[in-house]
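The chain contents come next:
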Amino acid sequence: MGVFIYPLTDWGFKRIFGDKELMMDCLNSLLEGERVITDLEYLNTEQIPEDYDGRRTVYDLYCKTDTGEYIIVEMQNRWQEHFRDRALYYQAVSIAGQGLKSSEWDYKLTAVYGVFFVNFLLDKEPTEHFCKDVMLIDRHTGKV
């Protein structure tokens, strides 16, 4: 009898994407033409705020690549009204976490990629594309 894993459960998702080789294959497919990941380190998925009143952030998977970029991987099975905002917030927390405690900070940041699998339509209108590639760009030049 075969064994199957349902990827839309938290356990199934982490079981599948917790496999380093499978995760690197998936990410390299998504980042094709941009970069190639040759090694990956899984990090603590819980980000604790510095102050007591801050908001705790828990990612499904949080990784660091061989060249220092960070990757947040999330599965959202049910519709959430402000999912785009949450995705952006998660990435902002990862960017802010790169700050060093020091009197001088050089502000050199490494990229933070967010890979968000959703089991619903983000937009009211269906699209022919199953994948959205979103980045911060200069509107006038189109440069990242």
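Look up a bit, the structure's there.
Residues numbered from 1 in each chain as written. Predicted model: local features only at pLDDT ≥ 70, side-chain atom pairs only at ≥ 80, totals over all residues. Heavy atoms only, no water.

Colleague: Explanation requested: the sheet that holds strand β6 (residues 112-118) in the structure shown.
Modeller: Within a sheet, adjacent strands bond to each other through the backbone by hydrogen bonds, running parallel or antiparallel. With mixed pairing, four strands are arranged side by side in an open sheet as β1-β4-β5-β6. Each edge of the open sheet is held by one strand with a lone partner, namely β1 (40-42) and β6. Across the sheet, the mean angle from the axis of one strand to that of its neighbour is 25°, orientation sign disregarded. Strand direction decides the pairing type here: strand β4 (residues 61-65) and strand β5 (residues 70-76), joined by four bridges, are antiparallel. Within β5, the position partnered with Cys-63 by the bridge is Ile-71. Its contacts with the sheet place helix α2 (residues 20-30) against β1, β4, β5 and β6, and it is angled at close to 120° to β1. Relative to the sheet, helix α3 (residues 83-96) contacts β4, β5 and β6, its axis offset from that of β6 by approximately 150°. (Pairing = 2+ DSSP bridges. Helix = DSSP H or I, 4+ residues; strand = E, 2+ residues; numbered from the N terminus. Axes fitted to C-alpha atoms, helices over the stretch in contact; angles between N-to-C directions. Contact = heavy atoms within 4.5 Å.)

Colleague: Please explain the nonpolar core as it appears in this structure.
Modeller: When a protein is soluble and globular, its nonpolar side chains tend to lie buried together. Ranked by internal contacts, the top residues of the largest apolar core, which has 17 residues, are Phe-17, Met-23, Leu-27, Ile-37, Leu-40, Ile-71 and Val-73. At the level of secondary structure, the elements contributing two or more residues to this core comprise α1 (10-17), α2, β4, β5 and β6. What Val-73 contacts, discounting residues up to four positions off in sequence, is Phe-13, Met-23, Asp-60, Leu-61, Val-115 and Phe-117. Core analysis: the next-biggest nonpolar cluster, separate from the first, contains six residues, Tyr-62, Tyr-70, Ile-72 and Tyr-90 among them. (Core = buried A, V, L, I, M, F, W, Y, C linked by side-chain atoms within 4.5 Å. Buried < 20%, exposed > 50% of the residue type's maximum accessible area, 1.4 Å probe, protein only.)

Colleague: Just to check I follow, could you spell out a nonpolar patch on the surface for this structure?
Modeller: Nonpolar side chains collect at one region of the surface, where Met-135, Ile-137 and Val-144 lie side by side and expose about 320 Å² of accessible area between them. Mapped onto the elements, Ile-137 comes out in the segment after β6. Taking the relative accessible area as the measure of exposure, Ile-137 reaches 47% and is therefore partly exposed. (Patch = residues over 30% accessible without salt bridge, like charges linked within 9 Å, V, L, I, M, F, W, Y side chains within 5 Å. Areas by Shrake-Rupley, 256 points an atom, 1.4 Å probe, with all protein chains shown as cover. Salt bridge = Lys/Arg side-chain N within 4 Å of Asp/Glu carboxyl O.)

Colleague: I would appreciate a short explanation of the packing of aromatic side chains in the present structure.
Modeller: The geometry of an aromatic ring pair comes down to the distance between the two centres and the angle between the two planes. Enumeration according to the criterion identifies eight aromatic pairs in this entry. Taking the centre distance of 5.8 Å and the plane angle of 70° together, the rings of Phe-13 and Phe-117 count as edge-to-face. In this pair, Phe-13 sits in helix α1 while Phe-117 sits in strand β6, placing the two residues 104 residues apart along the sequence. On the basis of relative accessibility, which here comes to 1%, the residue Phe-13 falls in the buried class. (Phe/Tyr/Trp six-rings, centres within 6.5 Å; stacked < 30°, edge-to-face > 60°.)

Remember that the coordinates give geometry; whether it matters functionally is a separate question.
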